[in-house]
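Fold and contact review
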Amino acid sequence: MVYLIGINLLGLAMMGIDKAKAVRHAWRISEKALFAVGILGGSLGAWLGMYLFHHKTRHWYFVMGMPLILAVQIMVGVFFLGKVLPALF
């Protein structure tokens, strides 16, 4: 749980930092790195950061990709919880 909170905060922060860098025309965080954080479990934070900071919302692959990654992660989580919880009780 601590990992998921941390990686989602990282995804949110990365979107905010990249937006600030975009406004200043500074060196940017790569889209590959933003997606990597999403795939590693930070998709909810990255998705929220997209809309909180109004960043990457015009790129279809972010608008469709982050929610899709999140949906897959939720399905995998529900699947594994369904396997683990009954075994515990």
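A quick note: this is a predicted structure, and the numbers were derived from the prediction, not measured.

1. Regarding the environment of glycine 42
For glycine 42, the position within the fold is in helix 2 (residues 31-52). Considering only alpha carbons, one finds glycine 42 and tyrosine 3, 39 residues apart in sequence, at a separation of 9.5 Å. The contact partners of glycine 42, leaving out residues within four places of it in the chain, are Ile7, Asn8, Gly11 and Val37.

2. Regarding the layout of surface pockets
By volume, the largest pocket is sized at about 300 Å³. Lining the largest pocket, in full, are Leu4, Ile5, Asn8, Ile39, Gly41, Ser43, Leu44, Leu70, Gln73 and Ile74. Sorting the residues of the lining of the largest pocket by element identifies helix 1 (2-23), helix 2 and helix 3 (60-88) as the ones contributing at least two each. Per-element accounting of the lining of the largest pocket gives the leading share, four residues, to helix 2. Residues that form the lining of the largest pocket fall into these classes: six nonpolar, four polar and no charged.

3. Concerning the nonpolar core
Counting residues in hydrophobic clusters, the biggest one holds 12 residues: Ile7, Met14, Met15, Ile29, Leu34, Phe35, Val37, Ala46, Met50, Phe62, Met66 and Ile69. Those elements that place two or more of their residues in this core are helix 1, helix 2 and helix 3. Broken down by element, the residue count for this core peaks at five residues, all from helix 2.

4. Remarks on the pattern of salt bridges
Evaluated as defined, the whole model comprises two salt bridges. Here aspartate 18 and arginine 28 are joined by a salt bridge, their closest N and O atoms 3.0 Å apart. Of this pair, aspartate 18 sits in helix 1 while arginine 28 sits in the loop between helix 1 and helix 2, and the two are 10 residues apart along the sequence. A relative accessible area of 0% places aspartate 18 in the buried class. Notably, a salt bridge pairs glutamate 31 with lysine 56, separated by 3.0 Å at the nearest N-O pair. Here lysine 56 lies in the loop between helix 2 and helix 3 and glutamate 31 lies in helix 2, a separation of 25 residues in the sequence. Overall, the relative accessible area of 27% leaves glutamate 31 in the partly exposed class. For lysine 56, a relative accessible area of 9% corresponds to the buried category.

What counts, and at which threshold
- Residues numbered from 1 in each chain as written.
- Predicted model: local features only at pLDDT ≥ 70, side-chain atom pairs only at ≥ 80, totals over all residues.
- Heavy atoms only, no water.
- Helix = DSSP H or I, 4+ residues; strand = E, 2+ residues; numbered from the N terminus.
- Contact = heavy atoms within 4.5 Å.
- 1 Å grid on protein atoms, 1.4 Å probe; cavity = no way out; pocket = protein on both sides within 12 Å on 5 of 7 lines; lining within 4 Å.
- Points joined across faces, edges and corners; volume = space filled by probe spheres on them.
- Nonpolar A, V, L, I, M, F, W, Y, C, P; charged D, E, K, R; others polar.
- Core = buried A, V, L, I, M, F, W, Y, C linked by side-chain atoms within 4.5 Å.
- Buried < 20%, exposed > 50% of the residue type's maximum accessible area, 1.4 Å probe, protein only.
- Salt bridge = Lys/Arg side-chain N within 4 Å of Asp/Glu carboxyl O.

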